[in-house]
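Fold and geometry: a report
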Amino acid sequence: MAFRCQRDSYAREFTTTVVSCRPAELQTEGSNGKKEVLSGFQVVLEDTLLFPEGGGQPDDHGTINDISVLRVTRRGAQADHFTQTALAPGTEVQVRVDWERRFDHMQQHSGQHLITAVADHLFGLKTTSWELGRLRSVIELDSPSVTAEQVAAIEQSVNEKIRDRLPVNVRELSLDDPEVEQVRGRGLPDDHAGPVRVVTIESVDSNMCCGTHVSNLSDLQVIKILGTEKGKKNKTNLAFLAGNRVLKWMERSHGTEKALTTLLKCGAEDHVEAVKKLQNSSKLLQKNNLNLLRDLAVHIAHSLRNSPDWGGVVTLHRKEGDSEFMNIIANEIGSEETLLFLTVGDEKGAGLFLLAGPAEAVETLGPRVAEVLEGKGAGKKGRFQGKATKMSRRAEVQALLQDYISTQSAEE
């Protein structure tokens, strides 16, 4: 049978009866990104207002007697509602749907049907699959490429049909009805039960579908195709927004435009050119800064080498610098007798380090230096370098190096 949500996608609440309730578990993704297993119950109702996931459409959110339903899945002709509170069989319950989510899914799903039909009619572009995403939806087209001109033509045509206020009808056909063979679709699931639902956009498309849909294309408001990208082998993904998602996207874009106008001190029409100028200026500054940093590294290397304190363990820390800066110093000094410990970054935070000197000593001390600085690194041929999270422990590293030198001297 078709569920109440499929017979009337605009219904927001109704009363039904609990058929069964059994213990169950639900695997979800927690706030920290890790998988969590929730204990609860699978509740089956005589009928349901909450759409179970399927056909590329996610499940509805809602409540049963104000108890949150965390997941709805289809099992043959039944829908399983996962809750964390038990509901006694035979109990009459009030089911309410999260209308904002439901209507959003109706807009995206009907929008997909419309785009699919128009893309096929205009250019023979067949849809092989689609995904209703949280922020945007994607249609997979059976073509290695789709031109910008084709995308523009599809977008223009679908919005014309929305303005024409074309009706969208849902019919139920028996499996043995000859008309089923004439309807577009990718086949029925193995556990399909009941009649075949056919969603028809008047004069545009008829398609087998289990999802929830608008009753008139005018409810889609508008469709915006965001563009295309390369998909799986010889496929192209077309991303789109429908209805309220377009309005939210425009609101975000307008907010970004206003912020850029304030930052760049120019009108929206000049934003791109202003950013290009900033990029060119930044590249020139980076180049000049790199040259100065290299010159500074050479100067520091010579100063260290000529210092009366040269020998044993030599340390240097600078807030500004990078791995190349430290390697230039090490190259210019070129000593295989002195332990050279260089660091750059925040004195009390994170940064980079380099240990250079006798190969045997560096091989022994490098991992210990990384451990003290609570970082990690690697090395070869008399150098060990990496990242550190505790630059504040540089003094401990210096003491470690001094102890090593003293021990080596005593043994000699």
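Residues numbered from 1 in each chain as written. Predicted model: local features only at pLDDT ≥ 70, side-chain atom pairs only at ≥ 80, totals over all residues. Heavy atoms only, no water.

By the naming in an unreviewed UniProt entry, the protein chain is Alanyl-tRNA editing protein Aarsd1, taken from Panthera leo.

1. Looking at the overall build of the protein chain
In terms of helices and strands, the protein chain carries eight helices and 19 strands. In summary, the protein chain has a C-alpha radius of gyration of 33 Å against a globular reference of 22 Å for 412 residues, an excess of more than 25%. Judged by the C-alpha coordinates and their principal axes, the protein chain covers about 95 × 55 × 40 Å. Here the contacts in the protein chain between residues at least 6 apart in sequence split such that 64% fall between residues at least 24 apart. Surface summary for the protein chain: the accessible area is close to 22600 Å², and the carbon and sulfur share equals 48%. (Helix = DSSP H or I, 4+ residues; strand = E, 2+ residues; numbered from the N terminus. Rg over C-alpha atoms; globule rule 2.2 N^0.38 Å. Contact = heavy atoms within 4.5 Å. Areas by Shrake-Rupley, 256 points an atom, 1.4 Å probe, with all protein chains shown as cover.)

2. Digging into the pattern of salt bridges
Evaluated as defined, the whole model comprises 17 salt bridges. The shortest N-O distance in the salt bridge between Asp-104 and Arg-245 comes to 2.7 Å. Residue Asp-104 is found in helix α2 (residues 99–123), and its partner Arg-245 is found in helix α4 (residues 244–264); the two are separated by 141 residues along the sequence. Classification of Arg-245 by relative accessible area gives buried; the value is 9%. (Salt bridge = Lys/Arg side-chain N within 4 Å of Asp/Glu carboxyl O. Buried < 20%, exposed > 50% of the residue type's maximum accessible area, 1.4 Å probe, protein only.)

3. Here's the deal with helix α3 (residues 148–163)
An ideal rise of 1.5 Å per residue puts 22 Å on 16 residues; α3 measures up with 23 Å between its terminal C-alpha atoms. Looking at the buried side of α3, the elements it contacts are α2 and β13 (223–230). Arg-165 sits one or two positions beyond α3 and adopts a positive phi of about 55°. (Expected span 1.5 Å × (residues − 1).)

4. Digging into the sheet that holds strand β14 (residues 236–242)
Read across the open sheet, the four strands follow the order β8-β9-β14-β13; overall the sheet is antiparallel. The two strands at the open ends of the sheet, each matched to only one other strand, are β8 (127–132) and β13. Between one strand and the next, the sheet's axes are offset by a mean angle of 20°, whatever the strand orientation. (Pairing = 2+ DSSP bridges. Axes fitted to C-alpha atoms, helices over the stretch in contact; angles between N-to-C directions.)

5. With respect to a negative patch on the surface
A surface patch of like charges, here negative, comprises Glu-257, Glu-269, Asp-270 and Glu-273. Mapping Asp-270 onto the fold places it in the loop between α4 and α5 (271–305). Overall, Asp-270 belongs to the partly exposed group, its relative accessible area being 37%. (Patch = residues over 30% accessible without salt bridge, like charges linked within 9 Å, V, L, I, M, F, W, Y side chains within 5 Å. Lys, Arg positive; Asp, Glu negative; His and termini not counted. Charge placed at Lys NZ, Arg CZ, Asp CG, Glu CD.)

6. Let's talk about the packing of aromatic side chains
Here the structure, examined in full by the defined rule, presents three aromatic pairs. Centre to centre, the rings of Trp-99 and Phe-103 are 5.5 Å apart; their planes meet at 25°, and the pair counts as stacked. Note that Trp-99 and Phe-103 are positioned in helix α2 at a spacing of four residues, about one turn of the helix. Just as Trp-99 is buried, Phe-103 falls in that class too. Consider the rings of Phe-353 and Phe-384, whose centres lie 6.1 Å apart with planes at 25°: the pair is stacked. Pair noted here: Phe-353 is in strand β17 (residues 351–356) and Phe-384 is in strand β19 (residues 383–388), with a separation of 31 residues, a long-range link. The burial state of Phe-353 is the same as that of Phe-384; both residues are buried. Chaining the aromatic ring pairs together yields one cluster made of Tyr-10, Trp-99 and Phe-103. (Phe/Tyr/Trp six-rings, centres within 6.5 Å; stacked < 30°, edge-to-face > 60°.)

7. Brief notes about the packing of α2 against α4
At their nearest, the axes of α2 and α4 sit 9 Å apart, and the two run at 100° to each other. Between α2 and α4, the angle is such that the two are roughly perpendicular. Taken together, the residues of α4 that come into contact with α2 (itself represented by Glu-100, Phe-103, Asp-104, Gln-107 and Gln-108) are Asn-244, Arg-245 and Lys-248. (Parallel < 35°, antiparallel > 145°, perpendicular 65-115°, else oblique.)

8. Observations regarding the environment of Thr-200
Among the secondary structure elements, Thr-200 is positioned in strand β11 (residues 196–201). Of the residues examined, Thr-200 reaches a relative accessible area of 17% and is grouped as buried. The sequence separation of Thr-200 and Pro-308 amounts to 108 residues, and the corresponding C-alpha distance is 89 Å. Look past the residues within four positions of Thr-200 in its chain and what remains in contact with it is Pro-167, Val-168, Asn-169, Arg-171, Asp-205 and Ser-206.

9. Notes on the sheet that holds strand β4 (residues 67–69)
Through backbone hydrogen bonds, the strands of a sheet pair up, either in parallel or in antiparallel fashion. Spatial ordering of the open sheet is given by β4-β3-β7-β1-β2-β6-β5, a layout of seven strands whose pairing is antiparallel. Of all the strands in the sheet, the pair left with one neighbour each is β4 and β5 (71–75). Sheet twist, expressed as the average angle between the axes of neighbouring strands with direction ignored, equals 35°.

10. As for the packing of α2 against α3
Helix-helix packing: each pair is described by the crossing angle between the helix axes and the interaxial distance. Between α2 and α3, the shortest axis-to-axis distance is 9 Å and the interhelical angle comes to 125°. Comparing the axis directions of α2 and α3 gives the class oblique. As for the relative orientation of α2 and α3, their crossing is right-handed in sense. Across the interface between the two elements, Leu-114, Ile-115, Val-118, Ala-119, Leu-122 and Phe-123 of α2 pack against Gln-150, Ala-153, Ile-154, Ser-157, Val-158, Lys-161 and Ile-162 of α3. Its residues placed into classes, the contact of α2 with α3 shows ten nonpolar, two polar and one charged. (Left-handed = near helix turned anticlockwise from the far one by under 90°. Nonpolar A, V, L, I, M, F, W, Y, C, P; charged D, E, K, R; others polar.)

11. A short note on the nonpolar core
By size, the foremost hydrophobic cluster in this structure holds 30 residues, and its most contacted members are Leu-114, Ile-115, Ile-154, Leu-217, Ile-223 and Phe-240. Listing elements by their share of this core, those giving two or more residues are α2, β8, β9 (137–141), α3, β11, β13 and β14. For this core, the element with the highest residue contribution is α2, accounting for seven residues. When neighbours within four sequence positions are excluded, Phe-240 is seen to be in contact with Gln-108, Gly-111, Gln-112, Ile-115, Trp-130, Arg-136, Ser-137, Val-138, Ile-139, Lys-224, Ile-225 and Leu-226. (Core = buried A, V, L, I, M, F, W, Y, C linked by side-chain atoms within 4.5 Å.)

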